[in-house]
Amino acid sequence: MIVTTKKLFEAAYGKYAIGAYNINNLEQTIGLFRGNLRSQAPFIIQISKGARAYSDKVFLEGLIRSADEVFPEAIFAVHLDHGDEETAMDCIESGFYSSVMIDASHEDFETNIAITRRVVDAAHARGIVVEAELGQLGGVEEHVQVAEADAKLTDPKQAREFVERTGCDSLAVAIGTSHGAFKFSGTQSLHFDVLADIQKELPGFPLVLHGTSSVPQDEVARINAAGGKLEGAKGVDASQFKQAAKLGVTKINIDTDGRLVWTRVHREVFRDHPEVFDLRNPGKIFIEEYAKYIAEKNAYLGSAGQLPAVRALLG
Ligand code: G3H
Ligand code: 13P
Ligand code: ZN
């Protein structure tokens, strides 16, 4: 059942975070649904602009509709990840997405507000919810001067003004994470102090973390042992997710980890079975390994086991 992220956030706020997982193809879709059902978790499917272009946006919609039919117990939102204004409007008009992200965080404050407001107005007119972003992810490293690092983090006072003026339904904040497999040069530093200040300014308002893959070190080691070159890859410590949830984070974005599972499975299969040329061979293993990964991640997020409560809330 496709629902808005708003409903999921109402259920989760202050208690746990919902996993938001990016998909690009059939195998990821099946693994995602199996893993979430196995762990009895509500979830968010994320589709990026790149994913819409990879096959065709119509294929992705078709895959999700089919999964909804094959797994009728699943409760999930369909969300555009990092939309520009044109893509967000296209998703709103399609009537398929229950949630869109408008990411104008690279623009100046006033332009970000103006673009976000236009998307919010269009989305709300059709019952669709909007995630916006303030602050900039990436590049916040231990060795960076504090002032320079802080300049990229979300300003709590600005966050309040931004939400009031745009009417967005959730806000992605920058507290030290970054996209991809190489997040921290030294020991990791999530700025929980900044997150706590944002929550004080926006009590009860759903916050979102991007760039939150854990980059499991066993995956990295196995990829490297099978011919990969990902030395130094590092992610967010998943044991910090529950602390983030208490501070208002209701959505945690994960894409890179799924790619790592895919890479590990395929590298190992072709290394260990050079005679294999049936795509279903690594495909089957990937689906199972990805489902396992999702179920484990949901335990860290606290979303595991929440499906019956969410179903009851939806009535
Ligand atoms: O935050 C970005 C996501 O990881 C999506 O990546 O644009 O390569 O599909 P992508
Ligand atoms: P990761 O690169 O850490 O998986 O982040 C994904 C993300 O933020 C998608 O929007
Ligand atoms: Zn992101």
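About the criteria used
- Residues numbered from 1 in each chain as written.
- Chains lettered and ligands numbered in written order.
- Predicted model: local features only at pLDDT ≥ 70, side-chain atom pairs only at ≥ 80, totals over all residues.
- Heavy atoms only, no water.
- Near = heavy atom within 4 Å.
- Polar contact = N/O pair within 3.5 Å; in protein donor to acceptor, adjacent residues only side chain to side chain.
- Areas by Shrake-Rupley, 256 points an atom, 1.4 Å probe, with all protein chains shown as cover.
- Helix = DSSP H or I, 4+ residues; strand = E, 2+ residues; numbered from the N terminus.
- Nonpolar A, V, L, I, M, F, W, Y, C, P; charged D, E, K, R; others polar.
- Axes fitted to C-alpha atoms, helices over the stretch in contact; angles between N-to-C directions.
- Left-handed = near helix turned anticlockwise from the far one by under 90°.
- Contact = heavy atoms within 4.5 Å.
- Expected span 1.5 Å × (residues − 1).
- Buried < 20%, exposed > 50% of the residue type's maximum accessible area, 1.4 Å probe, protein only.
- Pairing = 2+ DSSP bridges.
- UniProt positions renumbered as here; feature names shortened; annotations may be inferred.

The name an unreviewed UniProt entry assigns to the chain is Fructose-bisphosphate aldolase, from the organism Candidatus Brevifilum fermentans.

Peer 1: Hey, could you run me through the site of ligand 2 in this one?
Peer 2: Around ligand 2, a shell composed of 15 residues is seen, among which D81, K183, S213, D255 and T256 lie nearest. Within the side chain of H179, a nitrogen or oxygen atom sits 3.0 Å from an oxygen atom of ligand 2. Residue K183 places a side-chain N or O atom 2.6 Å away from an oxygen atom belonging to ligand 2. In the complex, the protein chains occlude 96% of the 310 Å² of accessible area that ligand 2 would expose alone. Sorting the residues of the shell around ligand 2 by element identifies β3 (76–83) and β8 (249–254) as the ones contributing at least two each. Of the residues contributing to the shell around ligand 2, the split by class is one nonpolar, eleven polar and three charged.

Peer 1: Would you mind going over the packing of helix α12 (residues 256–272) against helix α13 (residues 280–301) with me for this structure?
Peer 2: Helix packing geometry: the angle between the two helix axes and the distance between the axes. In the contact formed by α12 and α13, the axes pass within 9 Å of each other and the chain directions differ by 145°. Note on packing geometry: the crossing formed by α12 with α13 is right-handed. Contact residues: α12 offers D257, G258, V261, W262, R264, V265, H266, V269 and F270, while α13 offers N281, P282, I285, F286, E289, Y290, Y293 and K297. When the residues that make up the contact of α12 with α13 are grouped by side-chain class, the tally is ten nonpolar, three polar and four charged.

Peer 1: Explanation requested: the site of ligand 1 in the structure shown.
Peer 2: What surrounds ligand 1 is the set N22, S48, D81, H82, H179, D255 and R259. Within the side chain of D255, a nitrogen or oxygen atom sits 2.6 Å from an oxygen atom of ligand 1. Considered on its own, ligand 1 offers 300 Å² of accessible surface; in the complex 65% of this is hidden by protein. Residue composition of the shell around ligand 1, by class: no nonpolar, four polar and three charged.

Peer 1: I tried to follow α12 on my own but got confused; where do I start?
Peer 2: Each α-helix winds once per 3.6 residues, and so residues spaced three or four apart point in a common direction. Compared with the 24 Å implied by 1.5 Å per residue over 17 residues, the 24 Å span of α12 between its first and last C-alpha is a close match. Within the span of α12, buried status applies to T256, D257, G258, L260, V261, R264, V265, H266, E268 and V269. On its buried face, α12 is in contact with α10 (217–225), β8 and α13.

Peer 1: Just checking my understanding: could you explain the sheet that holds β3 for this structure?
Peer 2: What holds strands together in a sheet is hydrogen bonding between their backbones, with the strands either parallel or antiparallel. Read around the closed barrel, eight strands run β1-β2-β3-β4-β5-β6-β7-β8, paired in parallel fashion. Direction aside, neighbouring strands of the sheet carry axes that sit 25° apart on average. Sheet topology note: the strand β2 (residues 43–48)/β3 ladder contains six bridges and is parallel. Bridged to I45 within β3 is V78. Here helix α5 (residues 85–94) sits on the sheet and contacts β3 and β4 (99–102); the angle it forms with β4, its principal contact strand, is near 170°.

Peer 1: Honestly, the UniProt feature "binding site: Zn(2+) 1" (unreviewed entry) in the chain in this entry has me stumped. Any pointers?
Peer 2: Taking the UniProt record as the reference, the feature "binding site: Zn(2+) 1" (unreviewed entry) is found at H82, H179 and H210. The greatest C-alpha distance among the residues just named is 11.8 Å, despite their covering 129 residues of sequence, which places them together in space. With respect to the helices and strands, the residue H179 is situated in the loop between β6 (170–173) and α9 (192–201). For H179, a relative accessible area of 46% corresponds to the partly exposed category. Look past the residues within four positions of H179 in its chain and what remains in contact with it is H82, L137, H210 and G211. Examined against the element boundaries, H210 turns out to sit in the loop between β7 (207–209) and α10. In this structure H210 touches D81, H82, M101, E131, E133, L137, A172, T177, H179 and N253, once residues within four positions along its chain are discounted. Within the structure, the side chain of H210 is placed 2.9 Å from the side chain of H82, a separation counted as a polar contact.

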